Amino acid sequence: MYEWSEEHRELRAEFAHWYETLGEGHLEADRDSGLPPRAWERVRASGLLRLPFHAEWGGRGLDLLSTMYVLEGLGEGCRDGGLCFSICTQIVSAGIPLQRFGSAELKARHLPGICDGGTITAHAITDPNGGSDVLGMGMTAKPDGDDWILDGDKVFVTNGPVADLIVVYALTDASLGPFGLTAFLVERGTEGCWPALTCRRWACAPRRSASCRCAAAASRRRTCWAGPAWASRCWTT
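Residues numbered from 1 in each chain as written. Predicted model: local features only at pLDDT ≥ 70, side-chain atom pairs only at ≥ 80, totals over all residues. Heavy atoms only, no water.

Draft legend 1. Quick peek at the packing of aromatic side chains. One pass over the structure, following the stated rule, counts three aromatic pairs. Summarising the aromatic geometry, the rings of Tyr2 and Trp4 are spaced 5.0 Å apart at their centres and angled 75 degrees between planes, so their arrangement reads as edge-to-face. Among the residues examined, Trp4 registers a relative accessible area of 24% and is labelled partly exposed. Residues Trp148 and Phe184 carry aromatic rings whose centres are separated by 5.7 Å and whose planes lie at 70 degrees to one another, so their mutual orientation is edge-to-face. Placement of the pair is Trp148 in strand β3 (residues 147-158) and Phe184 in strand β5 (residues 181-187), with a sequence separation of 36 residues. Like Trp148, the residue Phe184 is buried in the burial classification. A connected cluster of aromatic rings, assembled from ring pairs, spans Tyr2, Trp4 and Tyr69. Note that Arg12 overlies the ring of Tyr69, its terminal NZ or CZ placed 4.3 Å from the centroid. (Phe/Tyr/Trp six-rings, centres within 6.5 Å; stacked < 30°, edge-to-face > 60°. Buried < 20%, exposed > 50% of the residue type's maximum accessible area, 1.4 Å probe, protein only. Helix = DSSP H or I, 4+ residues; strand = E, 2+ residues; numbered from the N terminus. Lys NZ or Arg CZ within 6 Å of the ring centre and 35° of its normal.)

Draft legend 2. Structural context of unusual backbone geometry. Of note, the phi angle at Phe156 is positive, near 50 degrees, even though the residue is not glycine. Following the sequence through the fold, Phe156 ends up in strand β3. Take Phe156: its relative accessible area is 42%, and that puts it in the partly exposed class.

Draft legend 3. Structural view of empty space enclosed by the protein. Counted by the stated rule, this structure contains one cavity of 30 Å³ or more. Taken together, eleven residues form the lining of the largest cavity, with Glu24, Gly25, Pro36, Ala39 and Arg42 sitting closest to its centre. Here the lining of the largest cavity is built from residues that sort into four nonpolar, two polar and five charged. (1 Å grid on protein atoms, 1.4 Å probe; cavity = no way out; pocket = protein on both sides within 12 Å on 5 of 7 lines; lining within 4 Å. Points joined across faces, edges and corners; volume = space filled by probe spheres on them. Nonpolar A, V, L, I, M, F, W, Y, C, P; charged D, E, K, R; others polar.)

Geometric descriptors of this kind do not, in isolation, establish any biological role.
Put into structure tokens, the structure is as follows:
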């Protein structure tokens, strides 16, 4: 069994005093189906969002185990499960993939805001009809000159109602199976992309999930650094 080092324990203890503060008002927030700005400001002040990111983007450069150990402590100590889910979406579903696979331009443009929480990200991978069958998704993306045209619907978009930046997965080449999927960064306000009303369903983050429709939403192609054969590693905006 893995034994956590004293350094790990001290790191986790560093954030322990934030857990009660981050959980304040969670019942009211659930009732109102919203993410109060003051709650996210507390997240930003805690420094949790900086854990796994490189120092050049404002992060602390922690490894996977250290990051997960701290987030496990957050899950144990913070009563606001929805806020915990939002934090993990920001770090795991948007920030880390962008840091690993994004172009230099995309990293420089978005990672500083993701690290300090000034940019809130959402994760859009589930289709209304495909559910957990990601390879059966119906959203497509087709090249059109310097753009990609995304067309389809997403549901259970974590952080969708408040996100500034949405990670959207779409099918670019069905013949390539899992390598025919591409991740796109779509900024809020992009023409043709409409986040819908908040979904009120039983889940870890019921008040922070939304549906989203991209109908002929144009996403810039020029920063795509991998061809269709490596679409699972392709980040485009």
